Amino acid sequence: MRVLPRSVRARLTLWHAAVLAVVICSFSAGVFLFVRAQLSRALDRQVADDLATIEKVYQDEKGDLGELAHRMGLTLFEVAEGETVVYRTRGWPPPATAPVRIGRRADPSHRITVARDETPLRQTLATLAAILMIGLPSATALAVVGGYVLAGRVLAPVGAMADTARKITAESLAARLPVENPDDEFGRLARVFNDTLSRLHQAFEQLRRFTADASHELRTPLTALRSVGEVALQRRLSDEGYREVVASMLEEVDRLTRLVENLLTLTRAEGGRIPLTPSVVNLGELAVGVSESLRVLSEEREQVLKVEICADVGARCDPDILRQALINLLHNAIKYTPRAGTVLIAVNVTAAGDAVIEVKDTGPGIAPRYHERIFERFARVDAARSTEQGGIGLGLAIARWAVEANGGRIEVESAEGAGSVFRIVLPHASPR
Ligand code: ADP
């Protein structure tokens, strides 16, 4: 069975009222006991005073006892010598049920007994008890009402947040929770939630852009394929003509294949689904291998392709994935550098102890304002030039992922018209 109510507001109110009731109960009991002890002691003192006064009058002038009795009013007393009663007020002895405090003083010659009325004391205590008894439920009721109102006000932002949060969907990720007081607990919660929403929003936007870009990129070669095919169908062509059409179609298919493969790589990479098998890789050997595999491309363009290995440099990384990064950088360098230009790969260790592979070219360079952007997917400085060279805008995105997955970073140093340097920086590890 569920004992506590579901709402925090009701639970807070209940707890608050219960704690207050316990506090008031203990306080009331304390006050009552204290007052009772004080009054009782005072009464005892009065009885002792009465005994002393009666003793004094008895010793001085027994005949004055009657007058004393008159003065003492409600206080009854008896003075006896052995079995003989010397004086006894009217109404002595007090009835057994009467509320009186009895005091005695005795010595061999005489005995004094006093009975002081306890009624005023009892009445005071009864009044006090009544006040406390009325106070407890009233205070508790006030605590319930006050607590309920207060809890409602304090918890109001939570309700507002829940209302807004309920309306947020993938389409309205730009919405934010209301933050009434950014520094209190709820404000902090709302801020954290809003930060999460911002990140989600960004991720969604990126995904949307990526899908749009990818569709666009896929459409271009498909359109080319289609128009080349249509043109070929409309006209009768020689064997040579058909060969050219097929070759041109295959070129587009190649482009599509590369695009799809790159997209797959990136998607799998971002989902963390490409396992790395790191080992200590000799970066010089890696650079030589990559340059040899792309040498034909640079020879076609009559470029000079040089490899400079300045030291025995190694890094702990996955060789296949790092090779992919270097291939992309070198491929770009060859692609964008004009005929008869120079492309250089340099492998070195920095003063800070990092392993570095640099790919330097004498191409058109990249204006600094593009340096961040070119690493994004489908980002290009000059779309026409890139497409003309068979670029699809994913090479640097993949290279950056490949380097970062291996614990390194990728940098670019370039200015328009001054060639470019792309740099892979990795923690150095001596190759065996
Ligand atoms: P792409 O397939 O278009 O080459 P990348 O991601 O490899 O895509 O590169 C992004 C853009 O960065 C390119 O479109 C190009 O504008 C620019 N870029 C990359 N490398 C170089 C370079 N070595 N020289 C000049 N521009 C470059």
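Located above this text is the structure these notes cover.
Thresholds applied
- Residues numbered from 1 in each chain as written.
- Predicted model: local features only at pLDDT ≥ 70, side-chain atom pairs only at ≥ 80, totals over all residues.
- Heavy atoms only, no water.
- Helix = DSSP H or I, 4+ residues; strand = E, 2+ residues; numbered from the N terminus.
- Rg over C-alpha atoms; globule rule 2.2 N^0.38 Å.
- Buried < 20%, exposed > 50% of the residue type's maximum accessible area, 1.4 Å probe, protein only.
- Contact = heavy atoms within 4.5 Å.
- Areas by Shrake-Rupley, 256 points an atom, 1.4 Å probe, with all protein chains shown as cover.
- Lys, Arg positive; Asp, Glu negative; His and termini not counted.
- Charge placed at Lys NZ, Arg CZ, Asp CG, Glu CD.
- Patch = residues over 30% accessible without salt bridge, like charges linked within 9 Å, V, L, I, M, F, W, Y side chains within 5 Å.
- Salt bridge = Lys/Arg side-chain N within 4 Å of Asp/Glu carboxyl O.
- Near = heavy atom within 4 Å.
- Polar contact = N/O pair within 3.5 Å; in protein donor to acceptor, adjacent residues only side chain to side chain.
- Nonpolar A, V, L, I, M, F, W, Y, C, P; charged D, E, K, R; others polar.
- Expected span 1.5 Å × (residues − 1).
- Phe/Tyr/Trp six-rings, centres within 6.5 Å; stacked < 30°, edge-to-face > 60°.
- Lys NZ or Arg CZ within 6 Å of the ring centre and 35° of its normal.

Peer 1: Any chance you could break down the overall build of the protein chain for me, citing the residues and the numbers?
Peer 2: When its secondary structure is counted, the protein chain shows 9 helices and 11 strands. At 50 Å, the protein chain has a C-alpha radius of gyration far larger than the 22 Å of a compact globule built from 432 residues. Each principal axis of the C-alpha distribution contributes one length, and for the protein chain these read about 160 × 60 × 40 Å. Within the protein chain, buried positions represent 35% of all 432 residues. For the protein chain, the share of sequence-separated contacts (at least 6 apart) that also reach a separation of at least 24 residues comes to 66%. Surface summary for the protein chain: the accessible area is close to 25900 Å², and the carbon and sulfur share equals 57%. Looking at the protein chain, you have 53 positive and 53 negative side-chain charges, and the mean spots of the two groups are 5 Å apart.

Peer 1: Describe a nonpolar patch on the surface, naming the residues involved and giving the relevant values.
Peer 2: A surface patch of nonpolar side chains, about 320 Å² in accessible area, is lined by Trp15, Val19 and Val23. With respect to the helices, strands and loops of the structure, Trp15 is situated in helix α1 (residues 8-60). Trp15 sits in the exposed class, given a relative accessible area of 53%.

Peer 1: So what about unusual backbone geometry? Which residues, and what values?
Peer 2: In the segment running from Trp92 into Pro93, the intervening peptide bond is cis, with an omega of -10°. A positive phi is found at Glu302, a non-glycine position, where the angle reads about 55°. For Glu302, the location among the structural elements is in the loop between α6 (283-300) and β6 (304-309).

Peer 1: Report on the site of the ligand, specifying residues and quantitative values.
Peer 2: Taken together, 20 residues lie around the ligand, and Asn332, Tyr336, Ser386, Ile392 and Gly393 are the ones closest in. Contacts to the ligand include Asn332, whose side-chain N or O atom sits 2.7 Å from an oxygen atom. Here the ligand has 530 Å² of accessible area as a free molecule, and 99% of this is covered by the chains. Where the shell around the ligand is concerned, the elements lending two or more residues are α7 (319-336), α9 (395-405) and β11 (420-427). Of the residues that constitute the shell around the ligand, the class distribution is 10 nonpolar, 6 polar and 4 charged.

Peer 1: Describe the pattern of salt bridges, with residues and values.
Peer 2: In total, this model carries 21 salt bridges according to the counting rule given. Between Glu230 and Arg226 there is a salt bridge; the shortest N-O distance is 3.2 Å. With Glu230 and Arg226 both in helix α4 (residues 185-234) and 4 residues apart, the pair spans about one turn of that helix. On the basis of relative accessible area, Glu230 is assigned to the partly exposed category, the value being 38%. Among the residues examined, Arg226 registers a relative accessible area of 59% and is labelled exposed. One salt bridge in this structure joins Glu411 and Arg423, with 3.2 Å as the shortest N-O distance. Of this pair, Glu411 sits in strand β10 (residues 409-414) while Arg423 is found in strand β11, placing the two residues 12 residues apart along the sequence. For Glu411, a relative accessible area of 24% gives the class partly exposed. Among the charged side chains, a network of salt bridges with common partners joins Glu358, Arg409, Glu411, Glu413 and Arg423.

Peer 1: Before we move on, can you summarise α7 with the specific residues and values?
Peer 2: With 18 residues, α7 ought to run about 26 Å at 1.5 Å a step, and its terminal C-alpha atoms sit 26 Å apart, in line with that. Turning to α7, its buried residues are Ile321, Leu322, Ala325, Leu326, Asn328, Leu329, Leu330, Asn332, Ala333, Ile334 and Lys335.

Peer 1: Which residues make up the packing of aromatic side chains, and what values go with them?
Peer 2: Two aromatic rings, taken as a pair, are described by how far apart their centres are and by the angle between their planes. Using the criterion set out here, one finds 3 aromatic pairs in the structure. Measuring from ring centre to ring centre gives 5.6 Å for Phe77 and Tyr87, while their planes differ by 35°; the resulting arrangement is tilted. Residue Phe77 is found in strand β1 (residues 76-81), and its partner Tyr87 is found in strand β2 (residues 84-88); the two are separated by 10 residues along the sequence. Above the plane of the ring of Tyr148 lies Arg9, whose end atom (NZ or CZ) is 3.8 Å from the centre.

Limitation: the analysis is restricted to geometry and does not speak to function.
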